[in-house]
Amino acid sequence: MSKLTLKTEGDTHVVVIRRFAAPPEAVYRAHTDPKLVQKWMLGPEGWTMPVCLNEAKPGGKIRYEWSNGKDGGFRLTGEFLELEPYSRIVHVERMHLPDPTPDNHIETRFEADGTGTLMTMRMTLPDAQTRAAMLATGMERGMEASYVRLEGLI
C-alpha cells in the first residue's frame, strides 16, 4: 500500500505528501547527496541511474539520466534555487523525453513529525495542459517505488 498522497490544487499545482520513518536530516540528505540519490531515485524495478549530477547549492545544476538496460531511457535537468539545510529545497526541473518539458518549479519541505519526517512537495507547472500530461505518466507509482527504496537506505 502506497504511503504517498498526491493531490492537485488549482490548474497548475501538484502536491505530493509522504511520511518517512527517519529524521528530517536524513531525508534531506537523501535528496541532496548524489551518492544516495543514485541508489534510491530509480522509479520502477529494473531501472538504473547511470548519470547523477546533484550540486546542492543555490545555482547548482541537476542532471539525472535513467536507463532500463534495454532501449528505454530519459533524463532530467534542472537547477537549485534555494536550500535551507534539513528543512527546504526549491528547484526547477525539466524532463527530456527526448524534447524538454516546460519548467516544473518544485518546493520540497521536510518537517519533523514525531519520530519521522513529513515531506511535502509542491510542484508548480506553467499550465493545466502540462500538468495533465505529467499526471498521465502515472508518475506516482515510480515515485512511491523510489521512496520505498529511500526508506530502506535511511
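None of these values were measured; they are calculated from a predicted model. (Residues numbered from 1 in each chain as written. Predicted model: local features only at pLDDT ≥ 70, side-chain atom pairs only at ≥ 80, totals over all residues. Heavy atoms only, no water.)

(A) Here's a closer look at the packing of aromatic side chains. In total, this model carries seven aromatic pairs according to the counting rule given. When the ring of Tyr28 is compared with that of Phe110, the centres are 5.7 Å apart and the planes differ by 80°; the resulting orientation is edge-to-face. Separated by 82 residues along the polypeptide, Tyr28 in helix α1 (residues 24-32) and Phe110 in strand β7 (residues 104-113) bring together distant segments of the chain. For Tyr28, a relative accessible area of 7% corresponds to the buried category. Among the residues examined, Phe110 registers a relative accessible area of 3% and is labelled buried. Geometrically, the ring pair formed by Tyr64 and Trp66 is edge-to-face, given 5.9 Å between the ring centres and 75° between the ring planes. (Phe/Tyr/Trp six-rings, centres within 6.5 Å; stacked < 30°, edge-to-face > 60°. Helix = DSSP H or I, 4+ residues; strand = E, 2+ residues; numbered from the N terminus. Buried < 20%, exposed > 50% of the residue type's maximum accessible area, 1.4 Å probe, protein only.)

(B) Spotlight on the sheet that holds strand β6 (residues 88-96). Pairing is antiparallel in the open sheet, where eight strands are placed in the order β1-β2-β8-β7-β6-β5-β4-β3. Every interior strand has two partners, whereas the edge strands, β1 (5-9) and β3 (48-54), have only one. Averaged over all pairs of adjacent strands, the angle between strand axes in this sheet comes to 20°, irrespective of strand direction. Of the strand pairs in this sheet, β1 and strand β2 (residues 13-20) are connected by five bridges, and their pairing is antiparallel. Along β2, the bridge assignment pairs Thr5 with Ile17. Packed onto the sheet, helix α4 (residues 139-153) meets β1, β2 and β8 (116-124) and runs at close to 25° relative to β2. (Pairing = 2+ DSSP bridges. Axes fitted to C-alpha atoms, helices over the stretch in contact; angles between N-to-C directions. Contact = heavy atoms within 4.5 Å.)

(C) Representation of α1 within the structure. The buried fraction of α1 amounts to seven of the nine residues, a majority that puts the element mostly inside the structure. All of the buried residues along α1 are Pro24, Ala26, Val27, Tyr28, Ala30, His31 and Thr32.

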